[in-house]
Amino acid sequence: MNIQKPYLLFLGDAHDQLAAKVADGIKQWHPEYCVGQYRMANCHADCQLTDMDIDAAVKAGAKTLVVGVANRGGIISKEWISVLSSALEKGMDLAAGLHNKLADVPELKALAERLGRNLFDVRHPTQQYPVASGRKRSGKRVLPVGTDCSCGKMYTALAIEKEILARGGKATFRATGQTGILISGAGVSVDAVVSDFVSGAVETLAPANEADHWDIIEGQGSLFHPSFAGVTTGLIHGAQPDALVLCHEPTRTHMRGVDYPIPDIADCMALNLKMAQLTNPDARFVGISLNTSALSDADALALMAVLEARHGLPVVDPFRQGVGAIVDKLAAL
């Protein structure tokens, strides 16, 4: 998928700010992609962007209306249809990462076909991918992996890309989930790819590149999570990472959605490294990224110091102090 920018972020009738987390992510990481936001009368979210109607957004140059809000069940609400139709009629494409597909809404599909507009359902890839070859390809790759799902892998990847680019280096964030795709404008949602082709999809997503170029591939799931370990395995093998970053939320005791304990960090690193070395024998860990939002500054810094001494790697919270120490390690590879 290659979604045209800039975006008008559609917040619709979001019942709270958390419901607009996709829009918040786009605005945080790429505010330059956003011309403004569209909020319906009963919207309770605000991304602190200029409020615009469709005409104003088109005048400001918007190419795609992005559904940046998720409602209960992930559906295309009937109340949204008139706004989405107006965007198509005024020249914009539509993009969404909901379970309900834009293309399954008859009036939107018919209108898009008549007008020659694109409907991007980023959770539902349409491209056919090859079986992975496992052959070494040029360029460098880093992959965040986790002790659990939803523990900071996407945030860490985006922070690493931003830091490398700020230093004048070459880097590209490669999105593997719907939110990452909407933030970056391209990618593949690997959890919707048939299992035999996950590694091939990642090889396609992060192809051969310049020797000094870093692909930062968004991690998914966890090798220790009984629900998502399969996706993680395919992603690791297709990524052929030169570098791994272990992501961890230190206050959790059990994995999200299942009655399984959070694995030991050392055990998690050892298994991820073993899996990565199948397609890249030189793979190594370059750091640990923590989500310490539930800890005080003092407790967070104390934990980082303990983990650094224990594992001999830089330990950071990307939100608190950035990922400079991890990028320093990447620069040495």
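Right above here is the structure, for reference.
Residues numbered from 1 in each chain as written. Predicted model: local features only at pLDDT ≥ 70, side-chain atom pairs only at ≥ 80, totals over all residues. Heavy atoms only, no water.

### Focus: the sheet that holds strand β3 (residues 64-67)
Right, so step 1: Strand order in this open sheet of 5 strands is β2-β1-β3-β4-β5, and the pairing throughout is parallel. Bordering the open sheet on either side are β2 (34-39) and β5 (119-121), each of which pairs with just one other strand. Pairs of neighbouring strands in the sheet enclose a mean axial angle of 20 degrees, with direction left out of account.
Right, so step 2: Here β3 pairs with strand β4 (residues 93-96) via 3 bridges, running parallel. When the sheet's bridge partners are listed, Leu65 is paired in β4 with Leu94.
Right, so step 3: Most of the contacts of helix α1 (residues 21-29) go to strand β1 (residues 7-12), to which it runs at about 150 degrees, and overall it touches β1, β2 and β3. (Pairing = 2+ DSSP bridges. Helix = DSSP H or I, 4+ residues; strand = E, 2+ residues; numbered from the N terminus. Axes fitted to C-alpha atoms, helices over the stretch in contact; angles between N-to-C directions. Contact = heavy atoms within 4.5 Å.)

### Section: the sheet that holds strand β7 (residues 170-174)
Right, so step 1: Spatial ordering of the open sheet is given by β7-β8-β6-β9-β10-β11, a layout of 6 strands whose pairing is parallel. Looking along the sheet, the strands with just one partner apiece sit at the ends: β7 and β11 (315-316).
Right, so step 2: With 5 bridges joining them, strand β6 (residues 140-146) and strand β9 (residues 243-248) adopt parallel strand pairing. Paired with Val145 across the two strands is Leu246, which belongs to β9.
Right, so step 3: Against the sheet, helix α12 (residues 324-331) makes contact with β6, β8 (213-217), β9, β10 (284-290) and β11, and its axis sits at roughly 170 degrees relative to β10, the strand it touches most.

### Some remarks on unusual backbone geometry
Right, so step 1: Each neighbour pair has its own omega, and for Lys5 with Pro6 the value is 5 degrees, a cis peptide bond.
Right, so step 2: Inspection of the secondary structure puts Pro6 in the segment before β1.
Right, so step 3: Residues other than glycine seldom take positive phi values, yet Gln48 does so here, at roughly 60 degrees.
Right, so step 4: Here Gln48 shows up in the loop between β2 and α2 (54-59).

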